[in-house]
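Tertiary structure, described
For reference, the chains in residue letters:
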Amino acid sequence: LCFVFISINISSNTFAKTVGTLDGSITINPAEPNGDHEWYITPVDVTFHAEDDIQLAYIYYRITTEDETNPNWIQVDIRNQLTAKYDLTISMNKDGVHIAIFYTVDHIGNIGPTHASDLIRIDMSSPEVSLRKEQISLYEMKFTANATDNTSDIYTVKFYVDDNIEPTSEDTTLPYEFNWKRIGIHTITAKARDVAGN
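First things first, this report covers the structure right here in the doc. Just so it is clear, the model here is predicted, and its values are computed rather than measured.

So, about the packing of aromatic side chains. Enumeration over the complete set of coordinates arrives at seven aromatic pairs. With 5.0 Å between their ring centres and 75 degrees between their planes, Trp73 and Tyr103 make a pair best called edge-to-face. Of this pair, Trp73 sits in the loop between strand S3 (56-65) and strand S4 (74-77) while Tyr103 sits in strand S6 (residues 96-106), placing them 30 residues apart in sequence. Given the relative accessible area of 33%, Trp73 is considered partly exposed. The class for Tyr103 is buried, based on a relative accessible area of 15%. Each ring, one from Phe143 and one from Phe178, has its centre 6.1 Å from the other, and the planes form 25 degrees; the classification is stacked. A residue pair is termed long-range when its members are at least 10 positions apart, and Phe143 in strand S10 (residues 140-148) and Phe178 in strand S13 (residues 176-181) qualify at 35 residues. The same class applies to Phe143 and to Phe178, which are both buried. Linked through ring pairs, Tyr58, Tyr60, Trp73 and Tyr103 together constitute an aromatic cluster. Of note, Lys191 hangs over the ring of Tyr160, and the distance from its end group to the ring centre comes to 4.9 Å.

Below, the structure written as structure tokens:
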């Protein structure tokens, strides 16, 4: 019998993970708020741009909302895409102040940096308003509007008489009131506008 001994030298780093170049960015559409005072009044599309030097495997993202508990990360499996670049777009249509966050993982498990958007303020809901009247004197009435908005808050309440296009009065502070002296039959209308422009 003849025995042959073969010696194989394997360097210590042969099976070590190679740290890839993972990166990314976030874009928002519309790029600028389309409401007033830095608010969006329509849904917002958020695109996570994921990049790796070889191949991506997963994208993890979550949307945090002010005054709410942070949600769990959502995993998106892109291993079958066999790509080093991938754009993932989600639509945000929930009222509130949000931040979009994501990170990526490559095909051998390297974790990339976390990317976060600026504040995304969304208010697509119109404020609610009701109106009550109070007799002040024989010819004077006081109208008080109860205006509420759950997201961006009330910016102004305008009072209209009959079918006038221009408001007769405007109030920007609580209580939203309009004193009016007149006789006859008329219609008083209160219209509320929130900070976002609804």
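Right, let's get into the nonpolar core. Counting 17 residues, the largest nonpolar core has Val46, Phe48, Ile59, Tyr61 and Ile120 as the members making the most contacts within it. Sorting the residues of this core by element identifies strand S2 (44-51), S3, strand S5 (85-92), S6 and strand S8 (120-122) as the ones contributing at least two each. Listed in part, the 14 residues of the second largest apolar core include Ala145, Val157, Phe159 and Ile188.

Another aspect to go through is unusual backbone geometry. Across the chain, the bulk of peptide bonds are trans and the bulk of non-glycine residues have phi less than zero. Residue Pro30 is reached from Asn29 by a cis peptide bond, and omega for that bond is 0 degrees. Positionally, Pro30 belongs in the loop between strand S1 (23-29) and S2. Following Leu174, the chain continues to Pro175 via a peptide bond in cis, the omega torsion being -10 degrees. Along the chain, the position of Pro175 falls in the loop between strand S12 (169-171) and S13. Of note, Asp153 is a non-glycine position whose phi angle comes to about 85 degrees, a positive value.

Cut-offs applied
- Residues numbered from 1 in each chain as written.
- Predicted model: local features only at pLDDT ≥ 70, side-chain atom pairs only at ≥ 80, totals over all residues.
- Heavy atoms only, no water.
- Phe/Tyr/Trp six-rings, centres within 6.5 Å; stacked < 30°, edge-to-face > 60°.
- Helix = DSSP H or I, 4+ residues; strand = E, 2+ residues; numbered from the N terminus.
- Buried < 20%, exposed > 50% of the residue type's maximum accessible area, 1.4 Å probe, protein only.
- Lys NZ or Arg CZ within 6 Å of the ring centre and 35° of its normal.
- Core = buried A, V, L, I, M, F, W, Y, C linked by side-chain atoms within 4.5 Å.

Take it as geometry only, folks, not as evidence of what the structure does.
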